[in-house]
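Structural characterization, general
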Amino acid sequence: MRPPDRCAEPASRRLTLDRARELVLAALKPLEDTERLPLDRARGRILAEAVRAPLDLPPFANSAMDGYAVRSVDQDAGAALRIVGTSWAGHPFLGHLGAGQCIRIFTGALVPEDADAVVAQEDARREGDSIRVAVPMRPGDHIRRQGEEFRAGEALLPSGKRLGPADLGLLASGGIHELAVRRGLRVALCSTGDELRPVWQPLGMGEIHESNRQVLKALLVELGAEVLDYGTLPDDPEILKQILSEASSLADAIVTSGGASVGEADFIVEALKARGHLDFWKIALKPGKPFAFGRIGSAALFGLPGNPVAAMVTFRQLVRPGLLRLMGAPASTPLRLRALCANWLEKSPGRLEFQRGVYRQDPGGSFSVTGLPDQGSHRLSSMSRANCFIVLPLENSGVAPGEPVEVEPFDELC
Ligand code: AMP
Ligand code: MG
C-alpha cells in the first residue's frame, strides 16, 4: 500500500520563506574563534576588531596633476616663474622655492613645503626655463592634502566588516599587512541519489551526471568557506546517518542536496531526526519546497532539494544568509528592483515563486524584465541564461505584459 501523501497539507500551513529565514538566523550564532591572516588571504573574511590607521594617507601632500608646483602669492598676471627643479613620483624635490620660482611636478609627487598650489601643465605656457600661468593660482589647487583620506589614529574599518577588494586596498595603503579575522567556515557538502554518477563516468540506464556539487561548491568557495566534500551518497538511510554524524563533528555546517522530498527514497529528514534535530521542513516556495533545516551536534544542516534550480534558489535565500550569520557578517538583504514585465508569466497562487528572467535598464532609466521560457526546477540552463530572479508573491496568480514585478538581480557568478 502507498504511504499517505505527506505533501497533501494545504500550502497555507507551510512556512513562508521569510519565516524560514528568520528561523535559520535565530538558530545560528556567529563563531567566536579568530585568526590572524595576511591581507592576501583575507578577502571575504569578517574583521574581528576595529582597525585604526597607523599613519596619515596620503602621508605627504602630493600633486593631483602633471604640471608645476607654485607659490600662489606669486600670482602676478603674466609674470614668468622660473623652474628650479623637478619633483617626480618617488623622487621628491628636496630644495626650496623662492619668490617667482616653481618646480616641474608629476602626479603623485611630493609638493614641497614652499609651494601651495599646482598649476596643470595645460594651464601653463613653457618658455625655456620658465612658465607663464594664464589661470588664477589658488592655495590648495590640484594638491592632495596630507591625511586627506585618513589621519593616523582614525578608525579605518569597523569590526564585523566583510572584507572586499577595496577594504584590502585601504588596509594596504595604511601599511597594515596582517589582521585579526573570524575564522573561516568549514562546510561539509554532499549530494544524495542512487541515480547520480560522477561527471567523468559513462551513464547507464536511468542515470544522470551529478551536477549540484559543482554549483554548491562554487557558491561556498565564493563565500570563503573551506569545503569538506563528501561526494555523492546513495539513497541509504544508514549510510546517510553515519556520514552526516561524522561530518557534524568536523564541520560548522552541512549542506546536502537531494533526498529531502517526500518520496520513499528521501532520507535526509529521517537522518536529521535520528541523529540531531529537525527545526523545519518544507517551505511555501517554488522552486525549493522540499528544504529541511536542523542541527546535528553543533553543526547546522541545510537539506537542499535535488532539483538543480531549487538547490540554487534555496542556497541563495536560506543557506547563504545562514552561513554569513555563522561567519559573523552583518545581516543584509539582497537588492530588489521594480521592473515592467515584457511577457506573460504563469503562476498559481500558494507559493512564493522565483522565476528566472533577464532584466535590463531602459534608456529612460526604468527597468524591464523578460521571463525565460523554461521554468522547470530541473532546467539549470534557465539559471545560466538569467541575470535575475523575478520574485512573484505567494498570492500572485500570473503576470500580464506591462505589469510591474519585483526582480532580484544576481551577478554573472550568482
Ligand atoms: P530529489 O530531491 O532527490 O528528489 O531529486 C530531485 C531531482 O533532482 C531528481 O530528478 C534528481 O535526479 C535530481 N538531482 C538530485 N540530486 C542531483 C544532483 N546532485 N545533481 C543533479 N541532479 C540531481
Ligand atoms: Mg533523490
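Residues numbered from 1 in each chain as written. Chains lettered and ligands numbered in written order. Predicted model: local features only at pLDDT ≥ 70, side-chain atom pairs only at ≥ 80, totals over all residues. Heavy atoms only, no water.

1. A word on the site of ligand 1
To keep it simple, the criterion reads: One heavy atom within 4 Å of a molecule or strand is enough for the residue carrying it to be called near that molecule or strand. Polar contacts, as used here, are pairs of N or O atoms within 3.5 Å; protein pairs need one atom able to donate a hydrogen and one able to accept it. Residues neighboring in sequence count only if both atoms are side-chain atoms. Calculation of accessible area relied on Shrake-Rupley with a 1.4 Å probe; when residues are assessed, cover is drawn exclusively from the protein chains displayed.
In the vicinity of ligand 1 lie 14 residues, with Glu195, Glu210, Ser211, Gly259 and Gly306 positioned nearest. At 2.5 Å, a side-chain N or O of glutamate 195 approaches an oxygen atom of ligand 1. Contact distances for ligand 1 include 2.9 Å between an oxygen atom and a backbone N or O atom of glycine 306. Considering ligand 1 on its own, with 480 Å² of exposed area, one finds that the protein chains cover 77% of that surface.

2. Topic: the packing of helix H4 (residues 237-250) against helix H5 (residues 268-275)
Note the threshold: Interaxial angles span 0 to 180 degrees and are taken between N-to-C directions of axes, which are lines fitted to C-alpha atoms, for helices over the stretch in contact. Numbering of helices and strands runs from the N terminus, with a helix taken as a DSSP run of H or I at least four residues long and a strand as a DSSP run of E at least two residues long. Under this scheme an angle from 65 to 115 degrees is roughly perpendicular, one under 35 degrees roughly parallel, and one over 145 degrees roughly antiparallel; angles in between are oblique. Two helices that cross are described as forming a left-handed crossing if the nearer one is turned anticlockwise from the farther one by less than a right angle, and a right-handed crossing if clockwise. Here, two residues are considered to be in contact whenever any of their heavy atoms come within 4.5 Å of each other. Charged means Asp, Glu, Lys or Arg here, nonpolar means Ala, Val, Leu, Ile, Met, Phe, Trp, Tyr, Cys or Pro, and polar covers whatever is left, Gly included.
Remark: H4 packs on H5, axes separated minimally by 9 Å, with the N-to-C direction vectors making an angle of 55°. In terms of their interaxial angle, H4 and H5 are classed as oblique. Judged by the twist between their axes, the crossing of H4 over H5 is right-handed. Two secondary-structure elements touch here, H4 through Pro237, Leu240, Lys241, Gln242, Leu244 and Ser245 and H5 through Ile268, Glu270, Ala271, Ala274 and Arg275. Within the contact of H4 with H5, the residues separate by chemical class into six nonpolar, two polar and three charged.

3. Topic: the sheet that holds strand E18 (residues 277-281)
Short version of the rule: Following DSSP output, two strands are said to pair if at least two bridges run between them.
In space, the six strands of this open sheet follow the order E16-E13-E17-E21-E20-E18, with mixed pairing throughout. For this open sheet the edge positions go to strand E16 (226-233) and E18, each flanked by a neighbour on one side alone. The mean angle between the axes of side-by-side strands here comes to 15°, regardless of whether they run parallel or antiparallel.

4. Considering the sheet that holds strand E9 (residues 130-133)
Taken in spatial order, the six strands of this open sheet run E7-E4-E6-E5-E9-E8, and their pairing is mixed. Every interior strand has two partners, whereas the edge strands, strand E7 (117-120) and strand E8 (124-127), have only one. Taking each pair of neighbouring strands and ignoring which way they run, the sheet shows an average axis angle of 40°. Pairing analysis gives three bridges linking strand E4 (residues 67-70) to strand E6 (residues 101-105), with the strands arranged antiparallel. For tyrosine 68, the partnering residue across the bridge sits in E6 and is arginine 104.

5. So, the pattern of salt bridges
Which entries qualify depends on this criterion: Salt bridges are defined by distance alone: a side-chain nitrogen of Lys or Arg within 4 Å of a carboxyl oxygen of Asp or Glu. The buried label applies to any residue whose accessible area, calculated with a 1.4 Å probe on protein chains only, is under 20% of its type's maximum; exposed applies above 50%, and partly exposed to all values in between.
Per the counting criterion, the structure on display carries 26 salt bridges. Glutamate 22 is the salt-bridge partner of arginine 19, the closest N and O atoms lying 2.8 Å from each other. Here arginine 19 and its partner glutamate 22 are both found in helix H1 (residues 17-27), three residues apart, which amounts to about one turn of the helix. Here glutamate 210 makes a salt bridge to arginine 213, at a shortest N to O gap of 3.3 Å. Taken individually, glutamate 210 and arginine 213 each receive the classification buried, so the pair is uniform in this respect. Within this structure, Glu210, Arg213, Lys217 and Asp229 form a network of salt bridges that share partners.

6. Remarks on helix H3 (residues 212-222)
For clarity, the threshold we go by: By definition, the arc is the one covered by directions from the helix axis to the C-beta atoms.
All buried positions along H3 are accounted for by Asn212, Arg213, Val215, Leu216, Leu219 and Leu220. On an axial view of H3, the arc spanned by its buried residues comes to 160°, and they lie on one face. Opposite its buried face, H3 presents the exposed residues Gln214 and Val221, each directed more than 90 degrees away. At its buried positions, H3 is contacted by strand E13 (186-192), E16, strand E17 (253-257), strand E21 (299-304), helix H6 (308-327) and helix H7 (380-385). Looking one or two residues past H3, glycine 224 carries a phi angle of roughly 90°, positive in sign.

7. Thoughts on the domain arrangement of the protein chain
Heads up, the condition is: For every domain, the bounds stem from an assignment made automatically or drawn from a database.
Examined at the domain level, the protein chain breaks down into domain 1 (17-31 + 184-327), domain 2 (35-57 + 159-182), domain 3 (62-144) and domain 4 (337-409). Computed from C-alpha atoms alone, the centre-to-centre distance between domain 1 and domain 3 is 64 Å.

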